[in-house]
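Given next are the chains, with one letter for each unit.
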Amino acid sequence: MVLVPSSSSVCLLRRRLFSSLATAAASHHVRSHSHPLTFSDTWAPATVSHLSPATADKTLFHLTLNLSSHPSLPARHLSPGQFLPLRIPSTSSPPLLLSIASPPHLAQLHSHFDLLVKRVTGSLSDALCGMREGDLVEVGEVMGKGFQIPDAHAHEDVALLLMFATGSGISPIRSLIESGFNQDKKAQVRLYYGARNLDRMAYQDRFKYWESSGVKVIPVLSRPDETWSGARGYVQTTFLRDKQIPRPSSTGAVLCGHRQMTEEITSILLAEGVSKEKILTNF
């Protein structure tokens, strides 16, 4: 079951998101990680309440952390696209910085965070994906501004919102979609989501819900098997074939994934006349 946020929180989130698309500051455009987020020295214990494979090939895992003993932490999850630092106390590995997959209203309602973890052999993520329900990890303060800039004022509405994600980059996009920002369906929303094949594509069970909320989901597979009849290749090449941007001045975009994808999509959008102030990432 997917819980829908209240109408007042939806209106606020939609206004703030679309305001950010209209007047975002240049420092929040697509950029390299030359300005990394700084970890806090404050850490709190969190319990693993759910852990399961998110993809058939087990390269991505669903992780839910229970933070009911620290309600102030979920209360700081205010915007889709924010990050959560995580570490395992018994290891000396540097912390992971994971995008929060659940929408803010769920964190505040249930005091938990849903995360999507990419398992890399021999890394901290490998150890994390091998944990069991009830195990303890440590989390830091919620970080980043997410996909919005709070004090901006929209000069014109966004009629078309394009979303692009590859691999585990779908995590903050899920948070945005399920925040209910487009509950009134005033904007046309398209999501291009790329993965190697269906065995590496997370959240397939949520696609129907996303479609019902007004998001057209376009899965793109770079190495599908012979049974696949959908889009093939890469997100950027698929988008280049069917851009369909009738009014660039009223078009916004949200990107999260491989650097090559974000850079190429940004170039395509700029060439089509979309303002770079309306092209957002979560870092």
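Predicted model only: the values in this text are computed from it and were never measured.

**Observations concerning the overall build of the protein chain**
Here is step 1 of the chain: In terms of helices and strands, the protein chain carries seven helices and twelve strands.
Here is step 2 of the chain: Put simply, the protein chain has 283 residues, and 51% of those count as buried.
Here is step 3 of the chain: In the protein chain, of all internal contacts separated by at least 6 residues, the share reaching a separation of at least 24 is 77%.

**A few points about the sheet that holds strand β9 (residues 215-221)**
Here is step 1 of the chain: Read across the sheet, six strands follow the order β10-β9-β8-β7-β11-β12 without closing on themselves; strand pairing throughout is parallel. The open sheet terminates on both sides in strands that have one partner only, identified here as β10 (231-232) and β12 (279-280).
Here is step 2 of the chain: Relative to β9, strand β8 (residues 188-195) runs parallel, the two sharing seven bridges. The partner of V189 across the bridge, within β9, is V215.

**Focus on the sheet that holds strand β1 (residues 44-53)**
Paired through their backbone hydrogen bonds, the strands of a sheet run either parallel or antiparallel.
Here is step 1 of the chain: Across the sheet, six strands lie side by side as β4-β3-β6-β1-β2-β5; this open sheet has antiparallel pairing. Two strands bound the open sheet, and with one partner strand each, they are β4 (96-99) and β5 (112-118). On average, adjacent strands in this sheet sit at an angle of 40° to one another, irrespective of strand direction.
Here is step 2 of the chain: Taken together, the four bridges between strand β3 (residues 83-87) and β4 define a ladder with antiparallel strand orientation. Counterpart to F83 in the pairing with β4 is S99.

**Description of the pattern of salt bridges**
Here is step 1 of the chain: Per the stated rule, a full pass over the model turns up nine salt bridges.
Here is step 2 of the chain: In this structure, the salt-bridge partner of R76 is E141, at a minimum N-O distance of 2.5 Å. Note that R76 is positioned in the loop between β2 (60-66) and β3 and E141 in the loop between β6 (136-139) and β7 (160-166), a separation of 65 residues in sequence.
Here is step 3 of the chain: Shared partners join several salt bridges into a network, and the residues in it are D114, R174, E178 and R206.

**Some words on the confidence of the model for the protein chain**
Here is step 1 of the chain: The predicted model of the protein chain averages 84 in pLDDT, with 82% of residues at 70 or higher.
Here is step 2 of the chain: Counting interchain partners and residues more than four positions distant, the pLDDT-below-50 stretch residues 6-14 has 15 contacts.
Here is step 3 of the chain: Under a pLDDT of 50 for its full length, residues 149-155 has, in the predicted model, 15 contacts with residues more than four places off or in other chains.

**With respect to the packing of aromatic side chains**
Here is step 1 of the chain: Per the counting criterion, the structure on display carries six aromatic pairs.
Here is step 2 of the chain: When the centroid spacing of 5.7 Å and the interplanar angle of 40° are considered together, the rings of F207 and W210 count as tilted. Of this pair, F207 and W210 are both found in helix α5 (residues 207-212), three residues apart, which corresponds to roughly one turn of the helix. W210 matches F207 in its accessibility class, with the two residues each being buried.
Here is step 3 of the chain: Three or more aromatic residues joined by ring pairs form one cluster here, namely Y193, Y203, F207 and W210.

**Some words on the nonpolar core**
One recurring pattern in soluble globular proteins: nonpolar side chains tend to sit buried together.
Here is step 1 of the chain: Ranked by size, the top nonpolar core spans 30 residues in total, and within it M163, I170, I173, L191, Y193 and W210 carry the most contacts.
Here is step 2 of the chain: Mapped by element, the contributors of at least two residues to this core are β7, α4 (170-177), β8, α5, β9 and β11 (251-256).
Here is step 3 of the chain: With sequence-adjacent residues up to four places away left out, M163 is seen in contact with I173, L176, I177, F181, V189, R190, L191, Y192 and V254.
Here is step 4 of the chain: Counting residues in each nonpolar core, the second largest holds 26 residues, with L73, L84, L86 and L124 among its members.

**Regarding the side chain of H77**
Here is step 1 of the chain: Assignment of secondary structure puts H77 in the loop between β2 and β3.
Here is step 2 of the chain: The buried category is assigned to H77, whose relative accessible area is 0%.
Here is step 3 of the chain: Ignoring anything within four residues of it in the chain, the contact list for H77 reads Q82, I100, S102, P103, P104, A107, Q108, F113, V142 and S175.

**Observations regarding the environment of I100**
Here is step 1 of the chain: Tracing the backbone shows I100 in the loop between β4 and α2 (104-110).
Here is step 2 of the chain: Sequence separation of I100 and G146 is 46 residues, and the distance between their C-alpha atoms is 9.8 Å.
Here is step 3 of the chain: Those residues in contact with I100 that lie beyond four places of it in its chain are H77, Q82, F83, L84, F113, D114, L115, V142, S171, P172 and S175.

Analysis parameters
- Per chain, residues are indexed from 1 in the order of the written sequence.
- A pLDDT threshold of at least 70 governs which residues receive local features in this predicted model, and a stricter bar of 80 or more applies before side-chain atom pairs are shown or counted, although totals over entire chains, interfaces and linings include all residues.
- Water and hydrogen atoms play no part in the side-chain values, which are based on all heavy atoms of the structure.
- Secondary structure elements are taken from DSSP: a helix is a run of H or I of four residues or more, a strand is a run of E of two residues or more, and numbering for both begins at the N terminus.
- Think of it in three bands: residues with accessible area under 20% of the maximum for their type are buried, residues over 50% are exposed, and the middle band is partly exposed, with areas taken using a 1.4 Å probe on protein chains only.
- Two residues form a contact once any of their heavy atoms are found within 4.5 Å.
- A pair of strands is considered paired only if DSSP assigns at least 2 bridges between the two.
- Lines fitted to C-alpha atoms define the axes here, with helix axes fitted over just the stretch in contact, and angles between the N-to-C directions of these axes take values from 0 to 180 degrees.
- Here, a salt bridge means any Lys or Arg side-chain nitrogen found within 4 Å of an Asp or Glu carboxyl oxygen.
- For every residue, the predictor reports its confidence as pLDDT, a number between 0 and 100.
- Centres within 6.5 Å make a pair out of two Phe, Tyr or Trp rings, where for Trp the six-membered ring is used; the pair is then stacked when the planes are under 30 degrees apart, edge-to-face when over 60, and tilted otherwise.
- Residues enter a nonpolar core if they are buried and are Ala, Val, Leu, Ile, Met, Phe, Trp, Tyr or Cys, with the set joined through side-chain atoms within 4.5 Å.

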